[in-house]
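Observations on the three-dimensional arrangement
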Amino acid sequence: MEQCIGIYLRVSLEDFDLKRNLHKDESNSIFGQRNLINRYIQDDKTLNILPVKEFVDDGFTGTNFERPSFQKMLEEIKNGKISCVIVKDLSRFGRNYLEVGDYLEHLFPFLGVRFVAVNDHYDSEDYSGENAGVDVAFKNILHDYYSRDLSMKVRSAQRSRMLQGKYVNTPPYGYKRDPEHKHHLVPDENTAWVVKKIFQMIIEGSSTSEVALYLNKNHISTPMQAKAIRRKKGMLCEKPLVWTHHTVLNILGNYKYVGAMVNHTRESQTLRDKVQKRMPEDVWIVNEGMHDALVSHEEFRQARQALRKVKKYSKKEADLTNCVYYCGHCGRKLRKTYGLTTYLTCRTFKYVPDAECQTIRWALPDIEKIVLESFKVQLLFLRSLKKNMKKVENNRGKEYIGEMKRIKNQLERYQDKKVKLYTEYRQGFLSRDGFMLKKLQLSQEEETLKQEMIQIRNIYEKYIEEKVVEDEQRVVVDQYSGYMGMPDEELIALMYQGIERVMVYNDKRIEIIWKFQDIFKDYERKAAM
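Small disclaimer: the values here were computed from a predicted structure and weren't measured. (Residues numbered from 1 in each chain as written. Predicted model: local features only at pLDDT ≥ 70, side-chain atom pairs only at ≥ 80, totals over all residues. Heavy atoms only, no water.)

1. As for the packing of aromatic side chains
Under the defined criterion, the tally for this structure stands at 22 aromatic pairs. Arranged with centres 5.0 Å apart and planes meeting at 70°, the rings of Phe93 and Phe115 form a pair that is edge-to-face. Within this pair, whereas Phe93 is found in helix α3 (residues 90–93), its partner Phe115 is found in strand β6 (residues 114–117), the two being separated by 22 residues in sequence. For the pair shown, Phe93 and Phe115 are each scored as buried. Look at Phe108 and Phe115: their rings are 5.8 Å apart centre to centre, the planes differ by 35°, and that puts the pair in the tilted class. Pair check on accessibility: Phe108 and Phe115 agree, each one buried. Grouping aromatic residues by their ring pairs yields a cluster made of Tyr8, Phe65, Phe70, Phe93, Tyr103, Phe108, Phe115 and Tyr122. One Lys or Arg, Arg501, reaches over the ring of Tyr326 and ends 3.6 Å from the middle of that ring. Its guanidinium or amino end placed over the ring of Tyr505, Arg509 lies 3.9 Å from that ring's centre, counting from NZ or CZ. (Phe/Tyr/Trp six-rings, centres within 6.5 Å; stacked < 30°, edge-to-face > 60°. Helix = DSSP H or I, 4+ residues; strand = E, 2+ residues; numbered from the N terminus. Buried < 20%, exposed > 50% of the residue type's maximum accessible area, 1.4 Å probe, protein only. Lys NZ or Arg CZ within 6 Å of the ring centre and 35° of its normal.)

Have a look at this one:
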């Protein structure tokens, strides 16, 4: 094992005063932890001569160990690159006492890794196996309980605010946070009138698409753009943000515009859950009259009634022609219009005047004919590729497995050798110096075998990955090359299964992306090697 120190630093959102963006306890900041550990290393003569690697997880909870830098450190420990881990205290390492105990009592001793928690005065080299273990376990339980208790208190405080009708999340479009009271909403003078205009136009008979076109013509900021302006970060994504049918519908369906506060519409299922589950309406927390209304209850009802009634969903067989054709300019999926002939057009022109893609209009049979001819060419290439793809049978996999078994058996024998060596020492057949020398030799030989095992395992895993890819490619080539000679009617249906995306441009240019085109690139790469 390499003689190297890994220092682990962690802060979570609970360590911050979010209002002032400051650390509640400066000693828990990354800077504070780093200084403490570096001073400890400098004062220890056995440590200050070793190189140091730093691993930092900023903004991650200690209740689980799925943290990127922690996992990276663990991987280097398993690969024998780190011989000592140092943390400020056990809570920085983790707050789940069962898992922390597992690392300290089993994994690290097994791997021969020294563990130091500076403020807890814990060093595994001094660990006697008596009172120290109880003390560490007790501290871990306290850290675990603290983290769980903190989470419960946060949830309880949030629910209390919800029941009181206070604002606890993101202000909806048309509102902003009251500067005098952070849990209260006030109309946003820049966007409140837009919400009122949307409801007015819908009540007067405009469609949602017509409303979106009006807003885009007048360069009105979308909800996403308005949010970016409030945060002073500019545009949030590269794709052009425009008003659409769905954006307008979201405004019309938001009950908060009548002055009511609606909370608990979604809920996290676990701590720091990235995707919240939508809650049924009967458990929503609704408080009327909590802020100034932008529309009356009657206007809200009229606007909802004016919307086109949507037919109930009925499951139909998937139409792949709806999933592959896209506008090459704005990236949106092309819309199908039906009549004697089905046409493909880009709907962006309905929302954005003078859009670059407003002239895109293709009869579906015409574009299918062009794509089909390209598909036939691809089939010729695949048939040619099949002839050149010779199935090479080899025993490399078995050889790798045999080699790993050999090394594993040797490693298992080293444990017996260590026991035998220790027995000889205890029985007086070996001096202490002789015992230490032979023990060091055995450890070095064992470490060499472990490195050899890691190297062969990596080669074997790469071999398996390549073999899986080759087998999958061979199946695809066999499948598609068998389509040659089929009638066009049957080929069109099979063609859509092989299309990833068709990009259509206003100059009649078409770009086809096939699902299997990576096979050609991979084959060319291997042929060039």
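On we go.
2. Details of the environment of Phe108
Along the polypeptide, Phe108 turns up in helix α4 (residues 97–111). Looking at Phe108, the relative accessible area reads 2%, which means it is buried. Separated by 30 residues in sequence, Phe108 and Lys78 have C-alpha atoms that sit 9.5 Å apart. With sequence-adjacent residues up to four places away left out, Phe108 is seen in contact with Ile77, Val85, Phe93, Tyr103, Val113 and Phe115. (Contact = heavy atoms within 4.5 Å.)

3. Thoughts on the state of the cysteines
What is meant by a disulfide is a covalent connection between two cysteines, made through their sulfur atoms. Applying the stated rule across the entire model yields zero disulfides. A disulfide-free cysteine, Cys84 has its sulfur positioned 9.5 Å from the sulfur of Cys4, the nearest such atom. Cys346 takes part in no disulfide bond, and the closest cysteine sulfur, belonging to Cys330, lies 3.6 Å away. What makes Cys346 buried here is its relative accessible area of 1%. (Disulfide = S-S within 2.5 Å.)

4. What about helix α13 (residues 396–426)?
In this model, α13 (31 residues) spans 46 Å end to end at C-alpha, consistent with the 45 Å of a helix rising 1.5 Å per residue. Those residues of α13 not exposed but buried are Gly397, Tyr400, Met404, Ile407, Leu411, Tyr414 and Leu421. The first or second residue beyond α13 is Gly428, which carries a positive phi of 90°. (Expected span 1.5 Å × (residues − 1).)

5. A short note on the nonpolar core
Grouped together as the largest cluster of nonpolar side chains are 33 residues, with contacts concentrated most on Tyr325, Leu334, Ile367, Phe375, Met495, Ile499 and Trp514. When residues in this core are grouped by element, the largest group, eight residues, is from helix α12 (residues 364–388). Among residues more than four places away in sequence, those in contact with Trp514 are Val371, Ser374, Phe375, Gln378, Met495, Gly498, Ile499 and Glu500. (Core = buried A, V, L, I, M, F, W, Y, C linked by side-chain atoms within 4.5 Å.)

6. Some thoughts on the sheet that holds strand β16 (residues 343–345)
Spatial ordering of the open sheet is given by β15-β16-β17, a layout of three strands whose pairing is antiparallel. With one partner strand each, in any of the chains shown, β15 (335–337) and β17 (361–363) form the two edges of the open sheet. Across the sheet, the axes of successive neighbouring strands diverge by a mean angle of 30°, strand direction being ignored. Here three bridges tie β15 to β16, and the two strands are oriented antiparallel to one another. Pairing of Lys336 across the sheet is with Leu344, part of β16. (Pairing = 2+ DSSP bridges. Axes fitted to C-alpha atoms, helices over the stretch in contact; angles between N-to-C directions.)

7. Looking at the sheet that holds strand β7 (residues 122–123)
Taking strand neighbours across the sheet as the criterion, the five strands line up as β4-β1-β5-β6-β7 in an open arrangement whose pairing is mixed. Sheet topology places β4 (52–58) and β7 at the edges, where each strand pairs with a single neighbour. In the sheet, strand β5 (residues 84–87) pairs with β6 via four bridges, with the strands oriented parallel. Looking at the pairing, Val85 lines up with Phe115 of β6. Packed on one face of the sheet, helix α1 (residues 30–43) meets β1 (5–11), β4, β5, β6 and β7 and runs near 155° to β1. Its contacts with the sheet put helix α2 (residues 68–78) on β1, β4 and β5, and the angle it makes with β4 is roughly 150°.

8. A word on the packing of helix α7 (residues 208–217) against helix α9 (residues 245–252)
Two elements in contact, α7 and α9, have axes whose closest approach is 8 Å; the angle formed by their N-to-C orientations is 105°. In terms of orientation, α7 lies roughly perpendicular with respect to α9. In this structure, α7 contributes Thr208, Ser209, Val211 and Ala212 to the contact, and α9 contributes His245, Val248, Leu249 and Leu252. Of the residues contributing to the contact of α7 with α9, the split by class is five nonpolar, three polar and no charged. (Parallel < 35°, antiparallel > 145°, perpendicular 65-115°, else oblique. Nonpolar A, V, L, I, M, F, W, Y, C, P; charged D, E, K, R; others polar.)

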